[in-house]
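Each chain is listed here by its residues.
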Amino acid sequence: MIQVKNAGELAKMRRACAISAAALKAGGAAIEAGITTAELDSIIYDFIVRHGARPNFLHLHGFPGTACISVNDTVIHGIPKKDIHIRPGDIVSIDTGCKLDGFNGDNACTYACGKVDKEAQRLMDVTKESLHCGIAAALAGSRVGDISAAVQAYVEENGFTVVRDFVGHGVGRELHEAPEVPNFGRAGHGPRLVPGMTIAIEPMVNQGRPEVKTLSDGWTVKTVDGKLAAHFEHTVAITARGPEVLTAGWEDPAWTL
Ligand code: MG
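What this report covers is the structure whose coordinates are included nearby. (Residues numbered from 1 in each chain as written. Predicted model: local features only at pLDDT ≥ 70, side-chain atom pairs only at ≥ 80, totals over all residues. Heavy atoms only, no water.)

### Things to note about the side chain of Thr223
Here Thr223 lies in strand E14 (residues 221-223). Here Gly226 takes part through its backbone nitrogen, which lies 3.2 Å from a polar atom of the side chain of Thr223. Excluding its chain neighbours within four sequence positions, the residues that come into contact with Thr223 are Asp73, Val75, Asn206, Glu211, Val212, Lys213, Leu228 and Ala229. (Helix = DSSP H or I, 4+ residues; strand = E, 2+ residues; numbered from the N terminus. Polar contact = N/O pair within 3.5 Å; in protein donor to acceptor, adjacent residues only side chain to side chain. Contact = heavy atoms within 4.5 Å.)

Okay, here's the thing in structure tokens:
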């Protein structure tokens, strides 16, 4: 069942999402050649706890990190590790969030370590813009399929592919709620968007084929062809005045908590 949030609940969502965005930003700012994904994870953990919130990815279904940190051909759910060192030219997707006062935030961004090659940069730019296309379609009265179709069209127009096996989702008291928000689909289909719905829109975009595989650790999701993947995500509230991006902070270099 889709949970519609009232004004008081939305205010709590805003606070959880602001800390989630600032934690993501802190992780992104710490990326440098040689740092391990475990070190990035502990920076994000410390940030969240210091701000009085609780890491909501940690221990969810047994996940061992505060953030999923996915490098290059890892699409999502990369487990932070002491032996994964970031190298110059890597692209690093960080997906993290926190719970505060009973409500969750969720967001993700793919960062470059130093200068990356032109196609890697274009993959990141297109994925980020596809998120914005999805957000622009998140209008009260429209349907989830309008978001899905907007993301898919922009990605495929630009020669990349969307992952089918994992999707966005409602977010609120639970990190993952109804409805599913796929990055592919048909405009005019799916659940109706109504004010007070809060959803995580999260394009996962591959440079090559859309197929992914999960490694034997049960978490790490990689592209089957070994090509790069990018992942951007915002938590968005549907309002009568248009979409409100609750995790907007990480996109604005001047923004602080
Ligand atoms: Mg999510």
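### Describing the coordination of the magnesium ion
Those donors, Asp106 (OD), His169 (NE2), Glu202 (OE) and Glu233 (OE), are the protein atoms that reach the magnesium ion, and they lie 2.1 to 2.4 Å from it. Mapped onto the polypeptide sequence, the residues donating to the magnesium ion form the spacing pattern D-x62-H-x32-E-x30-E. Of this pair, Asp106 sits in the loop between strand E6 (103-104) and strand E7 (107-112) while Glu202 sits in the loop between strand E11 (198-201) and strand E12 (204-206), and the two are 96 residues apart along the sequence. Its relative accessible area of 2% is what places Asp106 among the buried residues. (Donors = N, O, S within 2.8 Å, 3.2 Å for Na, K, Ca; no water. Buried < 20%, exposed > 50% of the residue type's maximum accessible area, 1.4 Å probe, protein only.)

### Some remarks on the nonpolar core
The tendency in soluble globular proteins is for nonpolar side chains to be buried side by side. Counting residues in each nonpolar core, the largest one holds 54 residues, and the members touching the most others are Ile31, Ile86, Ile94, Ile147, Ile199 and Ile201. At 7 residues, the largest contribution of residues to this core is made by helix H1 (residues 7-29). Dropping the residues within four chain positions of it, Ile147 is found in contact with Gly134, Ala137, Ala138, Val181, Leu193, Ile199 and Ile201. Core analysis: the second largest hydrophobic core is formed by 14 residues, Met13, Cys17, Trp219 and Ala237 among them. (Core = buried A, V, L, I, M, F, W, Y, C linked by side-chain atoms within 4.5 Å.)

### With respect to the packing of helix H3 (residues 118-136) against helix H4 (residues 144-157)
The N-to-C vectors of H3 and H4 enclose an angle of 150 degrees; their axes lie 8 Å apart at closest approach. In terms of orientation, H3 lies roughly antiparallel with respect to H4. Here H3 runs over H4; the crossing is right-handed. Mapping the contact onto sequence places Val126, Glu129, Ser130, Cys133 and Gly134 in H3 and Ile147, Ala150, Val151, Tyr154 and Val155 in H4. Its residues assigned to classes, the contact of H3 with H4 shows 7 nonpolar, 2 polar and 1 charged. (Axes fitted to C-alpha atoms, helices over the stretch in contact; angles between N-to-C directions. Parallel < 35°, antiparallel > 145°, perpendicular 65-115°, else oblique. Left-handed = near helix turned anticlockwise from the far one by under 90°. Nonpolar A, V, L, I, M, F, W, Y, C, P; charged D, E, K, R; others polar.)

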